[in-house]
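Coordinate analysis (summary)
Listed below are the residues making up each chain.
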Amino acid sequence: MNKAEVSDNNASFTPDEVMRYSRHMIMDQVGPIGQRKLKDAKVLIVGAGGLGSPVATYLALGGVGTVGVVDFDVVDLSNLQRQILHRTEDVGKPKIESAKESLLSYNPNIEVRTFEEPLVSDNAFRILEDFDIVVNGADNFATRYLVCDAAFLAGKTVVDGSVLLFDGQATVYKPGSGCYRCLYPAPPPPGLVPSCAEAGVLGAMTGLVGSVQATEVFKEILGIGENLIGRLILIDSLNMEFRMMKIKRDPKCPLCGDNPTIKELIDYDQFCGTPPVTALDAQS
Amino acid sequence: MTVTVKMAAVIQKLTDNQKEFTADGNDIYNLILNIENRYPGFQSQILTESEEVHQFLNIYVNDEDIRFLAGLQTIINAGDTVSFLPALAGGQ
């Protein structure tokens with residue numbers, strides 16, 4: 001591609017944007033047309049924490065035009081070992097505020113939409129509706145099943161990731177190709193599988209899994225490569241071992257199976273046997 | 001048949017913090033019984049009272065989920081890797 005073509009194709013980008021995204025735009029798999037796709041894309045990130053931080057940061061840096069962030073928590077000192085959207089001076093501040101500030105400081109050319117509320121059945125469709133892709137960085141099973149169900153029912157792709165201790169998992173669910181319920185039909189009883197707050201997590205692991213999720217988002221928007229649909233990547237960072245497991249759509253899945261019984265959002269706290277999460281809980 | 005067993009970090013407490021070891025069995029059910037002999041209490045954490053695999057946990061033979069094979073009767077062969085993998089919810 002010669003310079004004149006680049007110039008023509010870049011008509012909708014400012015010279016600064018062309019320079020900013022030049023390492024993308026010189027790649028055949030992206031180019032100016034791909035960068036335009038990124039600029040037009042709208043991606044929602046559930047959770048501005050360990051996974052949400054690297055995902056949001058890379059999407060913003062890479063020129064995803066609209067990045068949405070849902071979180072109702074405030075920045076805690078214990079978050080700063082891994083949550084790179086937030087800084088020491090942000091402690092006590094709503095995470096969506098520090099997230100927005102960080103993302104716009106990285107790239108003022110994007111739009112950041114924030115939702116300072118827990119994602120629940122009553123607001124999930126409203127929050128998801130304007131976005132093309134949902135990134136799951138939730139820290140509890142109730143929200144994970146909610147994101148899975150809401151995205152499936154709304155026909156949206158989920159880029160899923162989770163971390164604990166030195167382990168990480170990531171995959172992509174697209175309606176019709178299996179869902180979180182196909183992989184794990186039911187959540188563990190409360191208390192059996194600890195959270196990061198209870199068991200701990202290596203901070204850098206969130207960056208590793210979050211970067212996998214961000215990469216999958218870029219590929220999905222650009223329509224390139226082989227995505228993680230139907231595959232679960234397992235990362236054991238202690239051995240630095242990466243393995244791939246197959247995920248199949250379960251014909252008996254209550255959400256996406258042949259005879260689905262879940263046709264609307266349910267009470268996920270009841271489903272998971274957990275007390276409802278409220279903003280008050282988060283600040284306590 | 002001797003196979004390699006891999007445990008996700010979060011459930012390694014069930015196997016005395018062993019993340020990888022060898023165990024024997026001709027199918028998954030017998031493998032679980034074999035592991036139970038070495039680590040008492042293992043079976044009750046993996047299987048329900050009605051001897052089905054808990055729905056929050058997947059067992060893979062190599063890269064295949066046994067739910068899509070023959071379940072607990074899935075035959076295992078020498079050299080296979082059997083992985084026990086519970087759901088993780090950590091994101092924060």
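Quick look at the structure, then.

What counts and how
- Residues numbered from 1 in each chain as written.
- Chains lettered and ligands numbered in written order.
- Predicted model: local features only at pLDDT ≥ 70, side-chain atom pairs only at ≥ 80, totals over all residues.
- Helix = DSSP H or I, 4+ residues; strand = E, 2+ residues; numbered from the N terminus.
- Rg over C-alpha atoms; globule rule 2.2 N^0.38 Å.
- Buried ≥ 20, exposed ≤ 12 C-beta atoms within 10 Å, placed from the backbone.
- Contact = placed C-beta atoms within 7 Å.
- Pairing = 2+ DSSP bridges.
- Axes fitted to C-alpha atoms, helices over the stretch in contact; angles between N-to-C directions.
- Nonpolar A, V, L, I, M, F, W, Y, C, P; charged D, E, K, R; others polar.
- Core = buried A, V, L, I, M, F, W, Y, C linked by C-beta atoms within 7 Å.
- Parallel < 35°, antiparallel > 145°, perpendicular 65-115°, else oblique.
- Left-handed = near helix turned anticlockwise from the far one by under 90°.
- Arc of directions from axis to C-beta.
- Right-handed = clockwise from strand over helix to strand, strands pointing away.

**So, the overall build of chain B**
Scanning chain B from N- to C-terminus turns up 2 helices and 5 strands. In chain B, the order of α-helices and β-strands from amino to carboxyl end is β-β-α-α-β-β-β. By the compact-globule yardstick of 12 Å for 92 residues, chain B fits well, its C-alpha radius of gyration being 12 Å. For chain B, the spread of C-alpha atoms along the three principal axes comes to 40 × 30 × 25 Å. Buried positions account for 35% of the 92 residues belonging to chain B. Excluding contacts between residues fewer than 6 apart, the proportion of contacts in chain B whose partners are at least 24 apart in sequence is 50%.

**Things to note about the sheet that holds strand β2 (residues 66-70) of chain A**
Residues and elements named next belong to chain A. Strand order in the open sheet made by the 8 strands is β3-β2-β1-β4-β5-β6-β7-β8, with mixed pairing throughout. Looking along the sheet, the strands with just one partner apiece sit at the ends: β3 (111-115) and β8 (241-246). Averaged over neighbouring strand pairs, the angle between their axes works out to 15° when direction is ignored.

**Re the interface of chain A and chain B**
Taken together, the 33 residues of chain A in the interface contact 17 residues of chain B. Elements with a contribution of two residues or more to the side of chain A that touches chain B: α8 (141-153), β5 (157-164), β6 (167-173), α10 (196-199) and β8 of chain A. Looking at the side of chain A that touches chain B, the element that brings in the most residues is β5 of chain A, giving 4 residues. Grouping the constituent residues of the side of chain A that touches chain B by class yields 19 nonpolar, 9 polar and 5 charged.

**Considerations on the nonpolar core**
Residues and elements named next belong to chain A. Ranked by size, the top nonpolar core spans 93 residues in total, and within it Val43, Ala56, Val134, Val135 and Val147 carry the most contacts. For this core, the element with the most residues is α8, which contributes 9 residues. The residues touching Val43, leaving out its near neighbours within four places in the chain, are Leu59, Val64, Val67, Gly68, Phe131, Asp132, Ile133, Val135 and Val217.

**Here we look at the pairing of β5 of chain A**
All names here are of chain A. Among the 8 residues in β5, 8 count as buried, and that is most of the element. Sheet analysis places strand β4 (residues 133-136) next to β5, joined by 4 bridges and oriented parallel. Following the sheet pairing, Val135 is matched in β5 by Val159. Across 7 bridges, the pairing between β5 and β6 is antiparallel. Of the residues in β6, the one forming a bridge with Gly161 is Ala170. Hairpin connection between β5 and β6: a loop of 2 residues separates the two successive antiparallel strands, and Leu165 in this loop has a positive phi of roughly 55°.

**A look at the packing of helix α5 (residues 52-61) of chain A against helix α6 (residues 95-106) of chain A**
Axes are the key here: two packed helices are described by the angle between their axes and the distance separating the axes. All names here are of chain A. Between α5 and α6, whose axes approach to 9 Å, the crossing angle comes to 30°. By the angle between their directions, the pair α5 and α6 is classed as roughly parallel. The way α5 lies across α6 gives a crossing that is right-handed. The segment α5 lies against α6, with Ala56, Thr57, Ala60 and Leu61 engaging Ala99, Leu103 and Tyr106. Of the residues contributing to the contact of α5 with α6, the split by class is 6 nonpolar, 1 polar and no charged.

**Quick look at helix α4 (residues 31-40) of chain A**
Among the residues making up α4 of chain A, those that are buried are Pro32, Gly34, Gln35 and Leu38 of chain A. Taken down its axis, α4 of chain A places every buried residue within 160° of arc, on the same side.

**A word on the sheet that holds strand β4 (residues 64-65) of chain B**
Residue and element names in this part refer to chain B. Reading across the sheet, the 5 strands line up as β2-β1-β5-β3-β4 and stay open at both edges, with mixed pairing between neighbours. Each edge of the open sheet is held by one strand with a lone partner, namely β2 (20-24) and β4. On the sheet, helix α1 (residues 28-38) packs against β1 (2-7), β2, β3 (57-61) and β5 (81-86) and is oriented at approximately 115° with respect to β2.

**So, the pairing of β4 of chain A**
All names here are of chain A. With burial as the criterion, each face of β4 is covered, one bearing Ile133 and Val135 and the other bearing Val134 and Asn136. In the sheet, strand β1 (residues 42-46) pairs with β4 via 4 bridges, with the strands oriented parallel. Residue Val43 lies in a different strand from β4, and its bridge partner there is Ile133. Traced from β4 through α8 to β5, the parallel crossover comes out right-handed.

**Things to note about α5 of chain A**
All names here are of chain A. When you tally the buried positions in α5, you get 8 out of 10 residues, the bulk of the element. Here α5 has its buried residues at Gly52, Ser53, Pro54, Val55, Ala56, Thr57, Leu59 and Ala60. Contact partners of the buried residues in α5: β1, β2, α6, β4 and α11 (203-222). Where α5 ends, the next residue or the one after it, Gly63, has phi of about 90°, a positive value.

**Focus on the packing of α5 of chain A against α11 of chain A**
All names here are of chain A. Orientation of α5 relative to α11, taken along the N-to-C sense of each, is 40°, at an axis distance of 7 Å. In this view, α5 runs oblique relative to α11, as classed from their interaxial angle. Crossing hand, α5 versus α11: right-handed. Listed contacts from α11 to Ser53, Pro54, Val55, Tyr58 and Leu59 of α5 are Thr206, Gly207, Gly210, Ser211, Gln213, Ala214 and Val217. Here the contact of α5 with α11 is composed, by residue class, of 6 nonpolar, 6 polar and no charged.

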